[in-house]
Amino acid sequence: MSEPKPRSEFRRMMRKLLRNPSAILGFSLLAFFVLVAIFAPYIAEPVNPQMLDENGKPMRLDNPYIMPVITWSSEPIPPSKEHPFGMIQGRDIFYGVVWGTRTAFYIGLTVTLISTAVGIVIGSISGYYGGWIDEILMRITDVFLSIPFLLAAMVLTTILGNGLDKVMIAMVVFGWMGAARLIRANILQVKEEQFVLAAKALGIKDFFIILRHILPNTIFPVLIQASMRMGSLVITAAGLSFLGLGAPLGYADWGSMLNFTRNWILGTSGSSMTYWYAVFYPGMAMVLFVLAWNLVGDALRDVFDPRLK
Amino acid sequence: MNALQGDLGWSQVGKEPVLKAILGRFPYTLELALYALFPVVGVGIWLGVKAAVKRDKFLDHFIRIVAIIGWSFPDFVFGLLVLMIFYSVLGWFPPGNLSLWAEQIVKSPNYLKVTHLLTIDALINGRFDIFLDALRHIVGPVITLSFLWWAYLLRITRSSMLEVLSKEYVRTARAKGVPERDVIHKHAKRNAMIPVVTVAGAMVIGLLSGTVIIEVIFNRTGIGQLAARAAVELDYATVLGTTLFYSIILVLGNLIIDILYAVFDPRVRLS
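These numbers were taken from a predicted model, which means no experiment stands behind them. (Residues numbered from 1 in each chain as written. Chains lettered and ligands numbered in written order. Predicted model: local features only at pLDDT ≥ 70, side-chain atom pairs only at ≥ 80, totals over all residues. Heavy atoms only, no water.)

Details of the interface of chain B and chain A
Here comes step 1: Listed per partner, the contact involves 38 residues of chain B and 43 residues of chain A.
Here comes step 2: Together chain B and chain A conceal approximately 3700 Å² of surface at their shared face, both sides included; 76% is due to carbon and sulfur atoms.
Here comes step 3: Contact with chain A buries area across many residues of chain B, yet F76, L80 and M84 of chain B alone supply 16% of it, more than any other trio.
Here comes step 4: Remark: the boundary between chain B and chain A carries zero salt bridges.
Here comes step 5: Viewed at the interface, chain A and chain B are joined by one residue pair in polar contact (both at pLDDT 80 or more).
Here comes step 6: Broken down by secondary-structure element, the contributors of at least two residues to the side of chain B that touches chain A are α2 (58-72), α3 (75-89), α6 (128-165), α8 (180-217), α9 (223-232) and α10 (236-264) of chain B.
Here comes step 7: When residues of the side of chain B that touches chain A are assigned to their parent elements, the largest contribution, nine residues, is made by α3 of chain B.
Here comes step 8: Per-class residue counts for the side of chain B that touches chain A are 29 nonpolar, seven polar and two charged. (Contact = heavy atoms within 4.5 Å. Buried area = accessible area lost by both parts, 1.4 Å probe. Salt bridge = Lys/Arg side-chain N within 4 Å of Asp/Glu carboxyl O. Polar contact = N/O pair within 3.5 Å; in protein donor to acceptor, adjacent residues only side chain to side chain. Helix = DSSP H or I, 4+ residues; strand = E, 2+ residues; numbered from the N terminus. Nonpolar A, V, L, I, M, F, W, Y, C, P; charged D, E, K, R; others polar.)

Focus: the UniProt feature "transmembrane region" (unreviewed entry) in chain A
Residue and element names in this part refer to chain A.
Here comes step 1: In the numbering used here, UniProt assigns the "transmembrane region" (unreviewed entry) feature to residues 21-44, 104-131, 143-161, 167-183, 235-254 and 275-296.
Here comes step 2: The span residues 104-131 shows a helical share of 96% and a strand share of 0%, and its end C-alpha atoms are spaced 40 Å apart.
Here comes step 3: This span, residues 275-296, is 95% helix and 0% strand, and a straight line between its end C-alpha atoms measures 33 Å. (UniProt positions renumbered as here; feature names shortened; annotations may be inferred.)

Describing the nonpolar core
Here comes step 1: In terms of nonpolar packing, the biggest core is built from 140 residues, with I93 and M154 of chain A together with F76 of chain B touching the most fellow members.
Here comes step 2: The element contributing the most residues to this core is helix α12 (residues 276-304) of chain A, with 17 residues.
Here comes step 3: Those residues within four positions of F76 of chain B in sequence are excluded, and the remaining contacts are I235, A238, G239, F242, G255, L258 and M286 of chain A together with I213 and I217 of chain B.
Here comes step 4: One finds Y128, A199, I214 and V222 of chain A within the second-largest nonpolar core, a separate group that totals 13 residues. (Core = buried A, V, L, I, M, F, W, Y, C linked by side-chain atoms within 4.5 Å. Buried < 20%, exposed > 50% of the residue type's maximum accessible area, 1.4 Å probe, protein only.)

Written as structure tokens, this is what we have:
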């Protein structure tokens with residue numbers, strides 16, 4: 001007569017989520033960024049207007065993530081009709097902001113997925129087996145936690161040699177501890193439940209007990225935590241690029257675009273907001289991107305975890 | 001092995017031994033962090049309590065919206081905006097540590113250096129003009145450093161305060177006619193502070209790591225700037241040295257927080 005229970009429960013959650021104004025704002029912002037990332041080649045065509053092929057058309061870029069140099073003047077040029085966000089270091093800011101969306105998603109999703117997966121594996125082993133394995137793994141977690149994240153990422157990036165992929169490796173290496181601790185605490189709770197004992201009594205292998213019986217019951221808080229971490233991960237990656245450790249020169253990345261801006265602002269006292277566009281557009285893109293993830297994470301937490309409010 | 005004896009190697013960026021480079025720059029960073037810490041703790045807790053008491057009123061929504069936007073602002077974007085508005089446009093808060101004329105006086109031999117904190121030393125020397133100059137240079141970085149963290153602290157205070165306010169003993173206190181002010185400040189606030197002290201650890205990490213980017217933006221001398229420059233120039237000895245130093249401070253900070261925990265929660269002391 002009525003629908004199966006988990007289904008209607010899910011619906012109730014979704015309805016609650018859709019009634020939350022900040023959740024709607026978060027999801028729409030996110031949808032906007034996804035669309036920009038998908039349609040980047042159409043919004044900002046990856047061509048170099050300075051180089052024409054034999055038909056007199058601009059040549060396509062080999063690597064669309066490297067922003068084409070349009071003029072050789074490095075001073076910021078205010079927004080105009082062809083370059084709606086202005087130019088800096090001879091590069092079009094609009095192009096960088098659009099393609100930077102892809103970079104932000106790429107960094108954020110990759111690092112979050114891998115580091116959460118590592119955290120889940122370590123936390124599961126630690127929580128399920130307990131004893132000295134738990135003791136050793138948790139002390140290792142403590143050691144990793146005792147180094148400030150930004151500095152740790154900075155050191156590892158330096159040692160590996162600067163670059164965007166190195167930044168991502170460094171952020172995974174120092175980013176798994178939160179998920180590990182959370183999943184361990186949850187597993188300690190679930191481990192004593194009847195259905196786990198029943199599965200054990202049936203002689204099911206440990207690996208399958210964790211994978212099929214325990215994780216589905218503990219994964220939600222971890223996913224919520226991951227979505228809330230997306231924002232801060234993107235900030236850290238951009239911060240490293242801003243310091244000059246991440247993306248190479250001219251890469252379509254919000255952080256390294258702001259790096260261009262810094263010297264121009266330091267050099268201009270008392271003059272009005274001459275170079276506002278060079279900070280405003282990449283900066284706003286980043287703020288909205290992070291805000292979207294924070295709102296979504298917040299809303300998910302409110303809906304799925306009624307204890308926290 | 002050498003590290004245990006205090007020999008961290010030679011810093012190419014600082015052109016001196018790493019330990020000396022770090023200790024020489026530490027007061028600047030400490031001063032920045034101290035000036036940022038007090039507004040964060042004071043304003044963050046105050047607003048958090050206010051938001052919880054006026055739950056779902058206009059003030060609560062307003063504070064929450066500002067907080068979540070603040071929490072989404074990358075510190076370097078915010079810092080660049082502060083620099084642009086207060087330095088480029090208004091010319092109030094210049095980057096750097098001191099103006100050139102003040103720097104010359106501070107470096108002269110008969111200027112007393114007791115604490116090595118620029119503002120305090122200036123007061124000890126009775127040089128009010130230098131004090132004001134140092135203050136002018138520190139306001140921008142402090143605004144940047146504290147804005148992000150009070151948003152965080154505010155959220156924690158608010159949710160913890162809301163939880164406490166729904167407890168039975170608060171209802172009891174209200175039922176027996178305790179004035180609302182005392183209910184909030186004596187009964188609820190003290191209990192609500194416990195989770196806040198717990199996250200203070202994360203805050204200390206944040207303030208310290210934050211100095212790296214903020215010192216670079218505002219062109220201030222300090223450990224953060226040293227670490228950032230060393231990382232860009234691949235000066236491993238300095239990078240490792242500064243990280244070790246930050247980690248030691250972090251561990252010390254956590255120790256202090258554990259002690260504070262006992263101060264706020266007598267139950268911890270007894271068990």
